[in-house]
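Now for the letters of each chain:
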Amino acid sequence: MITQAESPVKRSHNELLKEANPTLAGNIGATLADPAVDRFSDDDTQFMKFHGIYQQDDRDKRKAGKQYIFMVRGRLPGGIVPASQYLVFDHLASAYGNNTLRITTRQSFQFHGIVKSGLGKLMKGINDALSTTLAACGDVNRNVMAPSTPATSRLVEQVLDDARLLSQALLPKTSAYHKIWVEGQPLSLADAEPDFEDPLYGKTYLPRKFKVAFAIPPLNDIDVFTNCLGFIAIIECEKLLGYNLLAGGGLGMSHGNAETFPRMSDVIGFVTPDQIEQAAKAVLTIHRDFGDRTNRKHARLKYILEDRGVAWFREELERRVGFQLQPARPFAFTKQGDMFGWHPQFNGQHFLGLYVETGRIKDTEAVRLKSAVRAILEKFQTEVRLTPSQNLILANVASEHKEEITQILSDHGIDVENQSTVIRRASIACPALPTCGLALAESERTLPDVLARIEGLLAEVGLPSEEIIIRMTGCPNGCGRPFMAEIGFVGRAPNKYQLYLGGNESSTRLNRLFKENVKNEEIVTELRPLVTRFAKERTHGERFGDWANRVLFPETPVAQN
Ligand code: SRM
Ligand code: SF4
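All of the points below concern the structure found in this document. If you're wondering where the values come from, they're calculated on a predicted model, not measured in any experiment.

**Quick notes on the overall build of the protein**
Inference 1: Of the regular secondary structure elements, the protein holds 15 helices and 19 strands.
Inference 2: Taken over C-alpha atoms, the radius of gyration comes to 23 Å for the protein, in line with the 24 Å a tight globule of 561 residues would show.
Inference 3: Its C-alpha atoms give the protein principal-axis dimensions of roughly 65 × 55 × 55 Å.
Inference 4: When the 561 residues of the protein are sorted by exposure, 59% land in the buried category.
Inference 5: Partitioning the intrachain contacts of the protein with sequence separation of at least 6 by distance along the chain shows that 69% fall at a separation of at least 24.
Inference 6: Element-wise, carbon and sulfur atoms account for 51% of the exposed surface of the protein, whose accessible area totals about 21600 Å².
Inference 7: Each charge class in the protein can be summarised by its mean position, and for the 67 positive and 67 negative side chains these summaries are 3 Å apart.

This is the structure in structure tokens:
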């Protein structure tokens, strides 16, 4: 078989870069050690992604010339963060970043605003805390998601273990990361090892990023259908029988490029827990061998599924694993989202769900969330869990500590019983401006105000406590998964958004484009006739997304798992 990597067609620049420097070291170590430069070369920024680092600049300050800053993304399978690690991250964010920790939509942390002189120290600090940023970005498997809420099922911990297993099994084996960031070696292009070959990824890794997630029905909090590879836990009589394997999900698209589109994954079959590693490696190598290495916009696994079909994919997967997948088992998702406030766990302990506005853990004058979490962890060594909706869980809390934790939060401006409104708690925003180089419009900085206006509108039409899942992103890459929301705002141009409508509560349906260019200040005017009709026409208990899907797009049904 001729793989894409061997095909004579013109490969993208990234492919040639990886092939020439398969340890992914580039010139990073040497540039890091050179205090005279404030940035890395364009080629090195591609390698740095595999190390979990993005070179950015503060776009608010561009007029005065580019000021380079770095974003560092952690790798935290299932979003689990022991207290000792969290406290290190908290310190590193203040010492070398912009004094915030941002929870990502894949249950990890991002540090923003790091200048080059602090980058090495921050990276060393993360690794000294026995955490890593390796493969948090780049053409490899990314952070593996899994339900982290301790009340989701008694089997949460078992599923988390499987997520950790795959996270480890799919890690690239290059030693360059350790040499540069832990040992401080000034590796340069002269040290390139062109013969190095990763046992799983080969010399050129994947054509594009690869994403894995686990879900435990009936909760689809991790948006399992949006991942390249998904595992839906099948549980009977409190026993994990195995997983339905899904493949080919992904949301990123580009405006005006019909070759790119959001896609929900297909259900391929059922595997037992001892088969997941083999199956995951086989799916990953299908992407490796058949993905488009000529066009990075068309290189995700989802396009292989779209172009070659499920039957071909299943056959190829079975050929690689050497066994037949069992037929998929029945499953049903009914909801997504997080639990807030205090809740009992199955083991007699408790957890506290904390709302984090747009995922940014920070201190403001009124709400000092960053200081509060630090104070709680310093005193009780509480485990932190990050959720896919960018919220935070304090887990495994003993009954006798609940009151004091509630008091510490209250002293920092957080009322545990009344943390936020239903609309805000169900929302997501990506970072967008000023750090994201791809942002076409604001997201994180504008969503709170947009939500306030939508809340006003809902009160006006007599629905003051209606939950609507609203997500906003600064561009169509879809980092905040807007294409699954009941209302999705997708950045089109400065101050302008596409309006998508019709996602559902269980996140099992893509929404549809309703309007192309909506100015930020016209969002409420645009939504008013819709929510007014919804308030009058909805069937009993019908949600806005279901109403919009039924009424606004009656003749173009989309797949619903
Ligand atoms: Fe993303 C690129 C932020 C989840 C699809 N994403 C980016 C970059 C790195 C911009 C860049 O390439 O220069 C953004 C950094 C902004 C900043 O300043 O921090 C960025 N993505 C994020 C995060 C932080 C958003 C958030 O609000 O939390 C999420 C980090 C997750 C993590 O911990 O790994 C994040 N990105 C997602 C998701 C959602 C998911 O995975 O569940 C998606 C859609 C699902 C998918 O992959 O299809 C997503 N990000 C993209 C894409 C489009 C990829 C494509 O197939 O076309 C890009 C652009 C790219 O890769 O070239 C992108
Ligand atoms: Fe940046 Fe676009 Fe992702 Fe938002 S959706 S973080 S603007 S790439």
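Next comes the rest of the write-up.
**As for the coordination of the iron atom of ligand 1**
For a metal with four tetrahedral donors the ideal donor-metal-donor angle is 109.5 degrees, whereas six octahedral donors ideally subtend 90 or 180 degrees.
Inference 1: Of all protein atoms, just one serves as a donor to the iron atom of ligand 1, and that atom is C479 (SG), at 2.3 Å.
Inference 2: Tracing the chain through its elements places C479 in the loop between β16 (470-473) and β17 (487-493).

**Focus on the environment of E466**
Inference 1: Along the polypeptide, E466 turns up in the loop between α13 (447-460) and β16.
Inference 2: For E466, a relative accessible area of 13% gives the class buried.
Inference 3: Between the C-alpha atoms of E466 and Q390, which are 76 residues apart in sequence, the distance is 21 Å.
Inference 4: Setting aside chain neighbours within four positions, we find E466 in contact with V422, I423, L458, F534, R538 and E542.
Inference 5: At 2.8 Å, the side chain of E466 and the side chain of R538 are in polar contact.

**What about the packing of helix α4 (residues 83-96) against helix α5 (residues 116-128)?**
Inference 1: Contact pair α4 / α5: the axes reach a minimum separation of 10 Å and the direction vectors enclose 175°. Relative to α5, α4 is oriented roughly antiparallel. Along the contact surface, α4 presents V88, F89, L92 and Y96, while α5 presents G118, K121, L122, G125 and I126.
Inference 2: The residue makeup of the contact of α4 with α5, split by class, is six nonpolar, two polar and one charged.

**Thoughts on the pattern of salt bridges**
Inference 1: Here the structure, examined in full by the defined rule, presents 43 salt bridges.
Inference 2: A salt bridge links K18 to E15; its shortest N-O distance comes to 2.8 Å. You can see K18 and its partner E15 sitting in helix α1 (residues 13-20), three residues apart, about one turn around the helix. Taken individually, K18 and E15 each receive the classification buried, so the pair is uniform in this respect.
Inference 3: A salt bridge links E442 to R445; its shortest N-O distance comes to 2.9 Å.
Inference 4: A single network of salt bridges, built from pairs that share partners, joins E15, K18, D139, R293 and R296.

**Looking at the packing of aromatic side chains**
Inference 1: Enumeration according to the criterion identifies 20 aromatic pairs in this entry.
Inference 2: Ring plane angle 65° and centroid distance 5.8 Å describe the contact between Y86 and F109, whose orientation is recorded as edge-to-face. Of this pair, Y86 sits in helix α4 while F109 is found in strand β5 (residues 109-114), placing the two residues 23 residues apart along the sequence.
Inference 3: Owing to a relative accessible area of 0%, Y86 belongs among the buried residues under this scheme.
Inference 4: Centroid distance F261 to Y303: 5.2 Å. Interplanar angle 85°. Geometry classified as edge-to-face. Of this pair, F261 sits in the loop between β8 (239-247) and β9 (266-271) while Y303 sits in helix α9 (residues 301-321), placing them 42 residues apart in sequence.

**Observations regarding the site of ligand 1**
Inference 1: The immediate surroundings of ligand 1 are formed by 29 residues, with T104, L251, T435, C479 and R481 found nearest.
Inference 2: For ligand 1, an oxygen atom lies 2.9 Å from a polar atom in the side chain of Q56.
Inference 3: Elements with a minimum of two residues in the shell around ligand 1: β1 (53-57), β2 (68-73) and β5.
Inference 4: Partitioning the shell around ligand 1 into residue classes produces nine nonpolar, 12 polar and eight charged.

**Comments concerning the side chain of N21**
Inference 1: Along the chain, N21 turns up in the loop between α1 and α2 (28-32).
Inference 2: Non-local contacts of N21, meaning those with residues more than four positions away in its chain, are made with G26, F47, L189 and A192.

**Overview of empty space enclosed by the protein**
Inference 1: Tallying each qualifying case throughout the model produces four cavities of 30 Å³ or more.
Inference 2: Counted as a void, the largest cavity has a volume near 50 Å³.
Inference 3: Listing elements by their share of the lining of the largest cavity, those giving two or more residues are α1 and α3 (42-50).
Inference 4: Residue classes in the lining of the largest cavity are distributed as three nonpolar, two polar and two charged.
Inference 5: As a volume, the second largest cavity reaches approximately 40 Å³.
Inference 6: What lines the second largest cavity is simply Y355, V356, T358, G359, S389, Q390, N391, R424, R425 and S427.

**As for the site of ligand 2**
Inference 1: In the vicinity of ligand 2, the contacting residues are C430, P431, A432, C436, L438, A439, T473, G474, C475, N477, G478 and C479.
Inference 2: Among the residues making up the shell around ligand 2, the classes are represented as eight nonpolar, four polar and no charged.

**Here we look at the sheet that holds strand β3 (residues 80-81)**
Inference 1: Pairing in this open sheet of five strands is antiparallel, and the strands run β3-β13-β14-β11-β10 from one edge to the other. Both edges of this open sheet fall to β3 and β10 (341-344), since each of them pairs with a single strand only.
Inference 2: Across four bridges, β10 lies against strand β11 (residues 350-354) in antiparallel orientation. From the neighbouring strand, W342 faces β11, where its bridge partner is L352.

**Describing the side chain of N391**
Inference 1: Along the chain, N391 falls in the loop between β13 (383-386) and β14 (392-397).
Inference 2: Overall, N391 belongs to the buried group, its relative accessible area being 3%.
Inference 3: Polar contacts involving the side chain of N391 include one to the main-chain carbonyl oxygen of S389, which spans 3.4 Å.

**Focus: the pairing of strand β7 (residues 229-236)**
Inference 1: Where burial is concerned, most of β7 is hidden: six out of the eight residues are buried.
Inference 2: Here four bridges tie strand β6 (residues 212-215) to β7, and the two strands are oriented parallel to one another. Opposite A215, over in β7, you have I232 as the bridge partner.
Inference 3: Bridging between β7 and β8 involves eight bridges; their strand directions are antiparallel. Directly across from I232, in β8, lies its bridge partner N244.
Inference 4: Two successive antiparallel strands, β7 and β8, enclose a turn made up of two residues, where C237 displays a positive phi of approximately 50°.

Calculation notes
Residues numbered from 1 in each chain as written. Chains lettered and ligands numbered in written order. Predicted model: local features only at pLDDT ≥ 70, side-chain atom pairs only at ≥ 80, totals over all residues. Heavy atoms only, no water. Helix = DSSP H or I, 4+ residues; strand = E, 2+ residues; numbered from the N terminus. Rg over C-alpha atoms; globule rule 2.2 N^0.38 Å. Buried < 20%, exposed > 50% of the residue type's maximum accessible area, 1.4 Å probe, protein only. Contact = heavy atoms within 4.5 Å. Areas by Shrake-Rupley, 256 points an atom, 1.4 Å probe, with all protein chains shown as cover. Lys, Arg positive; Asp, Glu negative; His and termini not counted. Charge placed at Lys NZ, Arg CZ, Asp CG, Glu CD. Donors = N, O, S within 2.8 Å, 3.2 Å for Na, K, Ca; no water. Polar contact = N/O pair within 3.5 Å; in protein donor to acceptor, adjacent residues only side chain to side chain. Axes fitted to C-alpha atoms, helices over the stretch in contact; angles between N-to-C directions. Parallel < 35°, antiparallel > 145°, perpendicular 65-115°, else oblique. Nonpolar A, V, L, I, M, F, W, Y, C, P; charged D, E, K, R; others polar. Salt bridge = Lys/Arg side-chain N within 4 Å of Asp/Glu carboxyl O. Phe/Tyr/Trp six-rings, centres within 6.5 Å; stacked < 30°, edge-to-face > 60°. Near = heavy atom within 4 Å. 1 Å grid on protein atoms, 1.4 Å probe; cavity = no way out; pocket = protein on both sides within 12 Å on 5 of 7 lines; lining within 4 Å. Points joined across faces, edges and corners; volume = space filled by probe spheres on them. Pairing = 2+ DSSP bridges.

Distances and angles like these do not, on their own, reveal function.
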